[in-house]
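Inside the fold
Listed below are the residues making up each chain.
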Amino acid sequence: KLDKLNERALARNRQTQASRIDLPFKVLKQEDGWGLAELADGTFGWLPEQTFESVKKQNYWKNIALAPRGKLFTINDPGQQKIIYILKQFEAIPYLWGGTTKRGMDCSAFIQKVFWELGKILLPRNSREQKKCGQSVRSTSLCALDIVFFVHSKTGRHHVGVYFDNLVWHFCLDRQGLSTETLGSIQKRYNYLTARRIFKIKHA
């Protein structure tokens, strides 16, 4: 599987952190006290062998719902309070490029974890792949929990946030963590690319 990835794809699918709260991973090979692990979202990384814990249940990825392409994933309405609670629990976490844990995370890891907690649906690890999920939405038709994609006007670095309560919630390097801004404010630093809708919310 790794042999089919070019250098850019290898870099894009590299994981720099993993924690006990992450989904189980597969160990592809082991050498010199390290194991090459594949996570459920398709990213890879090396982990110390002493951190491994065996999972007896087979096919433990079988029931994990991956974010679909071209269609929406239906969830029950989580309600405003739950959404706010999930978003705000990331407030104290610092920004770390490639990070995925409470010690630090980046914008796409934030999106991945928020959507997992909201609907138990697993998005890809990086924003370029997240941009292929769900359905395209116009910037004039944004709804709560739409994902919004940008590219930094100076660095060219791709960026992603989630739209909620008329604000973009995003993990931002120049703000050192979770930030909330209007779409107009964020576009002073980032060029707007597109938006995707992942959830079809079922109201009671």
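Details of the structure are given in the entry above.
In this report, the structure presented in the accompanying data block is examined. These figures come from a predicted structure and were not determined experimentally.

**Quick look at the overall build of the protein**
The secondary structure content of the protein amounts to five helices and 15 strands. Here the protein holds 204 residues, and 45% of them are scored as buried. The contacts of the protein with a sequence gap of at least 6 include a subset with a gap of at least 24, amounting to 59%. As displayed, the protein offers around 11,900 Å² of accessible surface, 49% of which is attributable to carbon and sulfur atoms.

**A closer look at the sheet that holds strand β12 (residues 167-172)**
Judged by pairing direction, the sheet is antiparallel, and its six strands sit side by side in the order β9-β14-β10-β11-β12-β13 without closing on themselves. Looking at strand neighbours, the two that pair on one side only are β9 (135-137) and β13 (177-181), the edges of this open sheet. Strand-to-strand twist across the sheet, computed as the mean angle between neighbouring axes with direction ignored, equals 35°. For strand β10 (residues 146-152) and strand β14 (residues 190-197), the ladder comprises six bridges, and the chain directions are antiparallel. Its bridge partner being in β14, V151 is matched across the sheet by N191. Taken strand by strand, helix α2 (residues 80-88) contacts β11 (158-164), β12 and β13, and its axis lies near 150° from that of β11.

**Brief notes about the sheet that holds strand β2 (residues 34-38)**
Pairing between sheet strands relies on hydrogen bonds along the backbone, with the strands arranged either parallel or antiparallel. Within the open sheet, the three strands sit side by side as β1-β2-β3. Their pairing is antiparallel. Two strands lie at the open edges of the sheet, namely β1 (26-31) and β3 (44-48), each paired on one side alone. The average undirected angle you get between the axes of adjacent strands in this sheet is 30°. The sheet contact formed by β2 and β3 spans five bridges and is antiparallel. Note on β3: the bridge partner recorded for L36 is W46.

**Re the packing of aromatic side chains**
Working definition: an aromatic ring pair is given by the centre-to-centre distance plus the angle between the planes. Taken as a whole and assessed by the stated rule, the structure comprises six aromatic pairs. Considering the side-chain rings of F115 and F199, the 5.0 Å spacing of their centres and the 25° angle between planes classify their relative orientation as stacked. Of this pair, F115 sits in helix α3 (residues 107-119) while F199 is found in strand β15 (residues 199-202), placing the two residues 84 residues apart along the sequence. Given the relative accessible area of 0%, F115 is considered buried. Ring centres 6.0 Å apart and planes at 80° place the aromatic pair F150 and Y192 in the edge-to-face group. With F150 in strand β10 and Y192 in strand β14, this residue pair connects regions lying 42 residues apart in the sequence.

**Remarks on the packing of α2 against α3**
Direction vectors running N to C along α2 and α3 enclose 145°, while the axes themselves pass 10 Å from each other. Pair α2 / α3 crosses with right-handed handedness. Of α3, the residues touching α2 (which contributes K82, I83, I86 and L87) are F110, V114, E117 and L118. Of the residues contributing to the contact of α2 with α3, the split by class is six nonpolar, no polar and two charged.

**Thoughts on the side chain of R125**
Among the secondary structure elements, R125 is positioned in the loop between β8 (121-122) and α4 (127-130). Overall, the relative accessible area of 5% leaves R125 in the buried class. Among the polar contacts made by the side chain of R125, one reaches the main-chain carbonyl oxygen of G98 at a distance of 3.4 Å. A polar atom in the side chain of R125 sits 3.1 Å from the side chain of D106.

**What to know about the pattern of salt bridges**
In total, this model carries five salt bridges according to the counting rule given. Measuring nitrogen to oxygen at the nearest pair gives 3.4 Å for the salt bridge that ties E129 to R69. Remark: R69 occurs in the loop between β4 (65-66) and β5 (73-76) and E129 occurs in helix α4; sequence separation between them is 60 residues. The exposure class assigned to E129 is buried, which follows from its relative accessible area of 17%. The exposed category is assigned to R69, whose relative accessible area is 54%. Across the pair K132 and E129 runs a salt bridge whose closest N-O atoms are separated by 3.2 Å. One network of salt bridges, with partners in common, ties together R69, E129 and K132.

Thresholds, definitions, all that
Residues numbered from 1 in each chain as written. Predicted model: local features only at pLDDT ≥ 70, side-chain atom pairs only at ≥ 80, totals over all residues. Heavy atoms only, no water. Helix = DSSP H or I, 4+ residues; strand = E, 2+ residues; numbered from the N terminus. Buried < 20%, exposed > 50% of the residue type's maximum accessible area, 1.4 Å probe, protein only. Contact = heavy atoms within 4.5 Å. Areas by Shrake-Rupley, 256 points an atom, 1.4 Å probe, with all protein chains shown as cover. Pairing = 2+ DSSP bridges. Axes fitted to C-alpha atoms, helices over the stretch in contact; angles between N-to-C directions. Phe/Tyr/Trp six-rings, centres within 6.5 Å; stacked < 30°, edge-to-face > 60°. Left-handed = near helix turned anticlockwise from the far one by under 90°. Nonpolar A, V, L, I, M, F, W, Y, C, P; charged D, E, K, R; others polar. Polar contact = N/O pair within 3.5 Å; in protein donor to acceptor, adjacent residues only side chain to side chain. Salt bridge = Lys/Arg side-chain N within 4 Å of Asp/Glu carboxyl O.

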